[in-house]
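The chain contents come next:
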Amino acid sequence: MKLAISAVEPHINSPFDARFGRCAFFIFVDTETHAWEASPNPALTSGGGAGTQAAQFIASQGAQAVISSSFGPNAYEALQAAGIKMYTALAGLVENIFGEFVSGELEEFSPPPDSGNNTWQGRHKRSRI
Amino acid sequence: MIIAVASGKGGTGKTTVAVSLALAIPSGSTTFLDCDVEAPNAHLYLEPKFTLHKDVGLPIPEVDEQLCTACGRCAEVCQYHAILVLAGKVLVFPELCHGCGSCTLNCPEDAIREVPDVLGKLEAGPAANGINFARGMLNVAEPMAVPVIRQLKNWQPFPDSALVIRDVPPGTSCPVVESILGADFVLLVTEPTPFGLHDLRLAAQLVRDLDLPAGVIVNRDGIGDSQVDEFCCEAGLPVLMRIPMERRIAESLARGQPLVESSPEYLPRFQELYARIQSLIEANGKEVQLAQIELVS
């Protein structure tokens, strides 16, 4: 399986980047062979829609799972539609976070619960002219 | 003539100045546009009776799944990443869409049509002193103010006015640019504090980039320091009025009373301000003409 991890630098020893849409690089790791490659995130300098653009990018690279520290509502919706599993980590080196993933220590991301007026559930509720 | 009242920093007195300027001009010839569609408040002072209402929005793509082949062309051309093709399906993110129409235009299967989503509304009606008042209201949780401001500017519910005053939102971002575009003059309201100066610099830069004549009003004069004056001097921005920091003024504003009403001595000062702005616009027009003549010759 191909796993994407948000990173500050283009190598496996890079510090983990807590942002998904605006991380500098994605490190793609093959979970069987542990081979990795780094790609710059095309959404880093995006004027808007960085979350959806980054989701489309890692989907196009064939990622089936992604590790970041959090995911915005648009990125979440896009990653879900692409069938990409989302996991969360806090900080550290990409290599160590990959180790935590392999040993099953990382939690799957779940969106915040509905508080009645939060932006996750309140979106897409427009009327038509 | 269109005068935009802007500030950079929020809470410096844009609405105070815009409202008093509108009230100081002879009645029946002024349109007031509250362009701060995220937090309009000029109605609290001018008390309009809204007789006209209009929903405004953006054309959002709707995909016909029968016709769509998931070729991905729409996602490729969308520079806002508001439409994606993932796992053979098209996903639309209405909050990211700017309504540019690129996806619809580029779809090889003609599978996309545009449907207008409501982002907010426009309201208009007569207000105090015979002022034609109109405002935009962005719906709660909507992130994009510009389409509502643009449609407020283009809406013409009133006969042509000799003077249009636009109350601009704070900051220097897209909604501010949209509110200022097309104006003949920009009044920058600031306060003489480091915060006021910091944001005045940004606003002055914006106005310079838009190549518009501008002047400054120093509100809460007497607090802070002299750096705003020094900056205006360096930047060649005329200080057109000073409103002192007075508890009396703050109290009546908090009660919803316009400055020119609670302190009538300001009436002639705002009339002078208007005359000053007119002559500054005229002088700027002559400068532009001269520059054009020089370019030609």
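Predicted model, so just to flag it, every value in this text is computed and none were measured.

**Student:** Any chance you could explain the overall build of chain B here in plain terms?
**Tutor:** Helix and strand counts for chain B stand at 11 helices and 11 strands. Dimensions of chain B, computed from the C-alpha atoms along their principal axes, are close to 70 × 50 × 40 Å. A buried classification covers 49% of the 297 residues belonging to chain B. Restricting the contact set of chain B to residue pairs at least 6 apart, pairs at least 24 apart contribute 74%. In the form shown here, chain B has an accessible surface area of approximately 13900 Å², with 52% of it arising from carbon and sulfur atoms. If the 22 positive side-chain charges of chain B are averaged to one point and the 37 negative ones to another, these points end up 5 Å apart.

**Student:** Help me understand the packing of helix 7 (residues 194-209) of chain B against helix 8 (residues 227-235) of chain B, please; the structure alone is not making it clear to me.
**Tutor:** Residues and elements named next belong to chain B. For the pair helix 7 and helix 8, interaxial distance at closest approach is 10 Å and the crossing angle is 20°. The angle between the axes of helix 7 and helix 8 places the two elements in the roughly parallel class. Two packed elements cross with a definite hand, and for helix 7 against helix 8 that hand is right-handed. Here Leu-197, Leu-200, Arg-201, Ala-204 and Arg-208 of helix 7 lie close against helix 8, whose contacting residues are Gln-227, Val-228, Phe-231, Cys-232 and Ala-235.

**Student:** Would you mind going over unusual backbone geometry with me for this structure?
**Tutor:** If a residue is not glycine, its phi is most likely negative; likewise, a peptide bond is most likely trans. Although it is not a glycine, His34(A) sits at a positive phi angle of roughly 65°. Looking at the element boundaries, His34(A) is found in the loop between strand 2 (25-30) and strand 3 (36-40).

**Student:** How should I be thinking about empty space enclosed by the protein in this particular structure?
**Tutor:** Unfilled space is identified by rolling a water-sized probe across the atoms. All names here are of chain B. Taken as a whole and assessed by the stated rule, the structure comprises 2 cavities of 30 Å³ or more. In this model, the largest cavity occupies a volume close to 100 Å³. Split into classes, the residues belonging to the lining of the largest cavity amount to 11 nonpolar, 2 polar and 2 charged. Quantified by volume, the second largest cavity comes out at close to 70 Å³. In terms of lining, the second largest cavity is formed by Pro-61, Cys-78, Tyr-80, Ala-82, Ile-83, Cys-97, His-98, Gly-99, Cys-100, Gly-101, Ser-102 and Cys-103. Counted by class, the lining of the second largest cavity contains 8 nonpolar, 4 polar and no charged residues.

**Student:** Can you help me understand helix 8 of chain B in this one?
**Tutor:** Since one α-helical turn is 3.6 residues long, residues separated by three or four positions face the same way. Residues and elements named next belong to chain B. Among the residues making up helix 8, those that are buried are Val-228, Phe-231 and Cys-232. Summarising the axial view, the buried residues of helix 8 lie within an arc of 100°, below the 170-degree limit, and thus occupy one face. Exposed residues pointing more than 90 degrees away from the buried face of helix 8 are listed as Cys-233 and Glu-234.

**Student:** Got a minute to help me understand the domain arrangement of chain B in this structure?
**Tutor:** Frequently, the measure chosen for interface size is the accessible area that the parts lose on association. Residues and elements named next belong to chain B. According to the domain assignment, chain B contains domain 1 (2-55 + 121-296) and domain 2 (59-118). Between the C-alpha centres of domain 1 and domain 2 there is a distance of 38 Å. With 5 residues of domain 1 at the contact, the number on the domain 2 side is 5 residues. Summing both sides of the interface, domain 1 and domain 2 together bury roughly 390 Å²; the carbon and sulfur share of this comes to 63%. On inspection of domain 1 and its partner domain 2, the count reaches 0 salt bridges. Taken together, the connections running from domain 1 to domain 2 amount to 0 residue pairs in polar contact (both at pLDDT 80 or more).

**Student:** Help me out: how do you make sense of helix 1 (residues 14-24) of chain B in this one?
**Tutor:** For helix 1 of chain B, a buried count of 11 out of 11 residues is recorded, marking the element as mostly surrounded by other parts of the structure. If you check which residues of helix 1 of chain B are buried, you get Lys14(B), Thr15(B), Thr16(B), Val17(B), Ala18(B), Val19(B), Ser20(B), Leu21(B), Ala22(B), Leu23(B) and Ala24(B).

**Student:** What's the story with the packing of aromatic side chains in this structure? I'm lost.
**Tutor:** Centre distance and the angle of the planes are the two values used to describe a pair of aromatic rings. Residue and element names in this part refer to chain A. The full count for this structure, using the stated rule, is 10 aromatic pairs over all chains. For the pair Phe-26 and Phe-28, a centre-to-centre distance of 6.3 Å together with 40° between the ring planes defines the contact as tilted. The exposure class of Phe-28 is buried, given its relative accessible area of 2%. Joined through ring pairs, the aromatic side chains of Phe-20, Phe-26, Phe-28, Phe-57, Phe-71, Tyr-76 and Phe-109 make up one cluster. In this structure, Lys-2 packs its charged tip against the face of Phe-28, placed 5.2 Å from the ring centre.

**Student:** Just checking my understanding: could you explain the pairing of strand 7 (residues 132-138) of chain B for this structure?
**Tutor:** The side chains of a regular strand alternate, first on one face of the sheet and then on the other. Residues and elements named next belong to chain B. Strand 7 sits mainly inside the fold: 6 of its 7 residues count as buried. Bridging between strand 2 (residues 30-34) and strand 7 involves 4 bridges; their strand directions are parallel. Bridge pairing in strand 7 links Leu-33 to Ala-134. Pairing geometry for strand 6 (residues 112-126) and strand 7, over 7 bridges, is antiparallel. From the neighbouring strand, Ala-124 faces strand 7, where its bridge partner is Ala-134.

**Student:** Sorry, what's going on with the sheet that holds strand 3 of chain A here?
**Tutor:** For sheets, the rule is that strands pair by backbone hydrogen bonds, running either parallel or antiparallel. Residues and elements named next belong to chain A. On the basis of which strands lie adjacent, the open sheet formed by 6 strands has the order 3-2-1-4-5-6 and mixed pairing. Each edge of the sheet is formed by a strand with only one pairing partner; in this case those strands are strand 3 and strand 6 (107-108). Alignment of strand 5 (residues 85-88) against strand 6, held across 2 bridges, turns out to be antiparallel. Residue Tyr-87 lies in a different strand from strand 6, and its bridge partner there is Glu-108. Running over the sheet, helix 3 (residues 94-102) touches strand 1 (2-7), strand 2, strand 4 (65-68) and strand 5 and is turned about 140° from strand 1.

**Student:** Whenever I open this one, the state of the cysteines confuses me. Can you help?
**Tutor:** All names here are of chain B. Inspection of the entire model under this criterion finds 0 disulfides over all chains. The cysteine Cys-232 is free of any disulfide, with Cys-233 supplying the nearest cysteine sulfur at 8.4 Å. Assessed through its relative accessible area of 2%, Cys-232 is described here as buried.

Conventions and cut-offs
Residues numbered from 1 in each chain as written. Chains lettered and ligands numbered in written order. Predicted model: local features only at pLDDT ≥ 70, side-chain atom pairs only at ≥ 80, totals over all residues. Heavy atoms only, no water. Helix = DSSP H or I, 4+ residues; strand = E, 2+ residues; numbered from the N terminus. Buried < 20%, exposed > 50% of the residue type's maximum accessible area, 1.4 Å probe, protein only. Contact = heavy atoms within 4.5 Å. Areas by Shrake-Rupley, 256 points an atom, 1.4 Å probe, with all protein chains shown as cover. Lys, Arg positive; Asp, Glu negative; His and termini not counted. Charge placed at Lys NZ, Arg CZ, Asp CG, Glu CD. Axes fitted to C-alpha atoms, helices over the stretch in contact; angles between N-to-C directions. Parallel < 35°, antiparallel > 145°, perpendicular 65-115°, else oblique. Left-handed = near helix turned anticlockwise from the far one by under 90°. 1 Å grid on protein atoms, 1.4 Å probe; cavity = no way out; pocket = protein on both sides within 12 Å on 5 of 7 lines; lining within 4 Å. Points joined across faces, edges and corners; volume = space filled by probe spheres on them. Nonpolar A, V, L, I, M, F, W, Y, C, P; charged D, E, K, R; others polar. Arc of directions from axis to C-beta. Domains from an automatic or database assignment. Buried area = accessible area lost by both parts, 1.4 Å probe. Salt bridge = Lys/Arg side-chain N within 4 Å of Asp/Glu carboxyl O. Polar contact = N/O pair within 3.5 Å; in protein donor to acceptor, adjacent residues only side chain to side chain. Phe/Tyr/Trp six-rings, centres within 6.5 Å; stacked < 30°, edge-to-face > 60°. Lys NZ or Arg CZ within 6 Å of the ring centre and 35° of its normal. Pairing = 2+ DSSP bridges. Disulfide = S-S within 2.5 Å.

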